[in-house]
Each structure stands twice: as structure tokens, then as C-alpha cells.
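Topology and contacts: notes
Given next are the chains, with one letter for each unit.
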Amino acid sequence: MTKNPLKDPRVRKAMSMAINRPGIVAQVMEGEAIPAGQLVPDFLFGATKNLQVEKYDPAGAKKLLAEAGYPNGFGITIASPNNRYVNDAKIAQVVAQMLTRVGIDTKVNAMPSGPYFSKASDLEFSLMLVGWSTGTGEASSSLKNLIMTYNKDKGFGNANRGRYSNAKVDLLTEDALQTVDDAKREAYLQRATELAINDTAIIPLHFQVNLWATRNGIRYTPRTDENTLAWKFLPAK
């Protein structure tokens, strides 16, 4: 049986350390993004102050890979859409270069979003670039869909295509989903997020800044779910 390096949290952590997020924001996104260290930006409900953006540390990444038993790295392919997110294929290429520099020989397989997401749902990819817009306006959406253990009957982990599983994260997220009290619910979400990110359940890169343009005399209030609704365009005051 072939050993899967991604099952080792040290390998996942090393991969995160190998990525220069500020560099991606500045050079690829031209400043129109915010480096990410967790599931949602700090102004949304459930964000935690106990997580910071992963420091770019290629030397530390190499050391951690060696400790995990991969002193010479390994090979992997990043799958990416090329028409879904801003600069998606370019981001995948840059991340591949960064991972390759620390010894993980990384290739990119970019394709249109139609076949991409179909293949992703069929679990054909080992490593993939995705984005998530939290329709609930809080961290529960990201945790429920991206991180929780896949459970079709309960509707958990629908976008957890890496099949990450952590019982403690599941329990905390379920508690949050069932809690009405805002303070308690937020505490559950924050703790679940901290556990997931510290275990490198996923590797956050950046929060994309979406831009809308209108002609003079028209105003539009952007939505966190990225939807553009015609009836939301109003005469400017």
C-alpha cells in the first residue's frame, strides 16, 4: 500500500509554512485580497483572535518534512479551476512553485470549473484549490461544509473532499449549530476553528476581495455570498 504523506499533520503544516501568503496577495492578487489564517475574516461571527496567518518559513518547512520522514520530499499535483476564482490557476502555479522549493515536487492540473468540481466531488484529487463563501455570514458554514466529517445523511462535510475527520471539531460544530445563545455559539465556533486550523485540516491562503463596478448614479451593496442581484442596484443618494 502506498503511504499517503498528507495524513501526517506535520506534512500538512510544512506545506502551509512553505506558502508566502503576503507574496501571493501582493504579486498575484495585486493587493485585492487579505492573507488568511483561518476560515473567515476577523469581522465575521466565529472568527478567533487566537489564530494568525501562517508565517512564511521554507527552512522550517523543510525541517518538518524531514522529521515526518520525507527529507527528500515527495511528488504531488494541485488540481485547480481556471475560470472560477480570481487568478485561480495562477495561484495554483505559484503555490506549486513554493512547495517545489521546499522539496515537494508539485505539478498543476487546471481545468474549467464544470469538469473540475465534478471530478472533485468524485474524490479524484489529492490536493485542490477551492474557495468558500459563507452564506450564513459566520464560521459555521465553513466548518459544516469544509471541515466536518463527511456524513451524507446529516448533510455534514458536503465539500470536505479531502475527507478530513476530527471528532472534537465535529462535536464542537454540532454544539454550535444547536446553540441559540450567541456568546456560547461563537465560543464553540472559535474553538472548533482553532482545533481544525492547528491540525491543518485545510490550508487557508487568502480572503478574496470582490469588486463591483457601476455607472454614476447607481449604488450597490456587495454580498458575502458573491451573488450579484439586479434588484439590489439602487439609485445613488
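Note that this is a predicted model, so its numbers are computed, not measured.

On a plain count of helices and strands, the chain comes out with 8 helices and 7 strands. Computed over the C-alpha atoms, the radius of gyration of the chain is 19 Å, within 12% of the 18 Å expected from 2.2 N^0.38 for a compact globule of 237 residues. Seen through its C-alpha atoms, the chain measures out along the principal axes to roughly 60 × 40 × 35 Å. Burial analysis of the chain (237 residues in total) assigns 41% to the buried set. Taking the intrachain contacts of the chain between residues at least 6 apart in sequence as the baseline, contacts between residues at least 24 apart amount to 64%. When the accessible surface of the chain is summed, it comes to about 13,200 Å², and 51% of that surface belongs to carbon and sulfur atoms. Side-chain charges in the chain split into 29 positive and 23 negative, and the spacing between the mean points of these groups amounts to 2 Å.

Before going further, it helps to examine the layout of surface pockets. Each pocket or cavity is described by its volume, and for the second largest pocket that value is around 270 Å³. Along the walls of the second largest pocket sit 16 residues, with Q38, V40, P41, D42 and F207 positioned nearest its centre. In terms of residue class, the lining of the second largest pocket is built from 10 nonpolar, 4 polar and 2 charged.

Reading the values: the criteria
- Residues numbered from 1 in each chain as written.
- Predicted model: local features only at pLDDT ≥ 70, side-chain atom pairs only at ≥ 80, totals over all residues.
- Heavy atoms only, no water.
- Helix = DSSP H or I, 4+ residues; strand = E, 2+ residues; numbered from the N terminus.
- Rg over C-alpha atoms; globule rule 2.2 N^0.38 Å.
- Buried < 20%, exposed > 50% of the residue type's maximum accessible area, 1.4 Å probe, protein only.
- Contact = heavy atoms within 4.5 Å.
- Areas by Shrake-Rupley, 256 points an atom, 1.4 Å probe, with all protein chains shown as cover.
- Lys, Arg positive; Asp, Glu negative; His and termini not counted.
- Charge placed at Lys NZ, Arg CZ, Asp CG, Glu CD.
- 1 Å grid on protein atoms, 1.4 Å probe; cavity = no way out; pocket = protein on both sides within 12 Å on 5 of 7 lines; lining within 4 Å.
- Points joined across faces, edges and corners; volume = space filled by probe spheres on them.
- Nonpolar A, V, L, I, M, F, W, Y, C, P; charged D, E, K, R; others polar.

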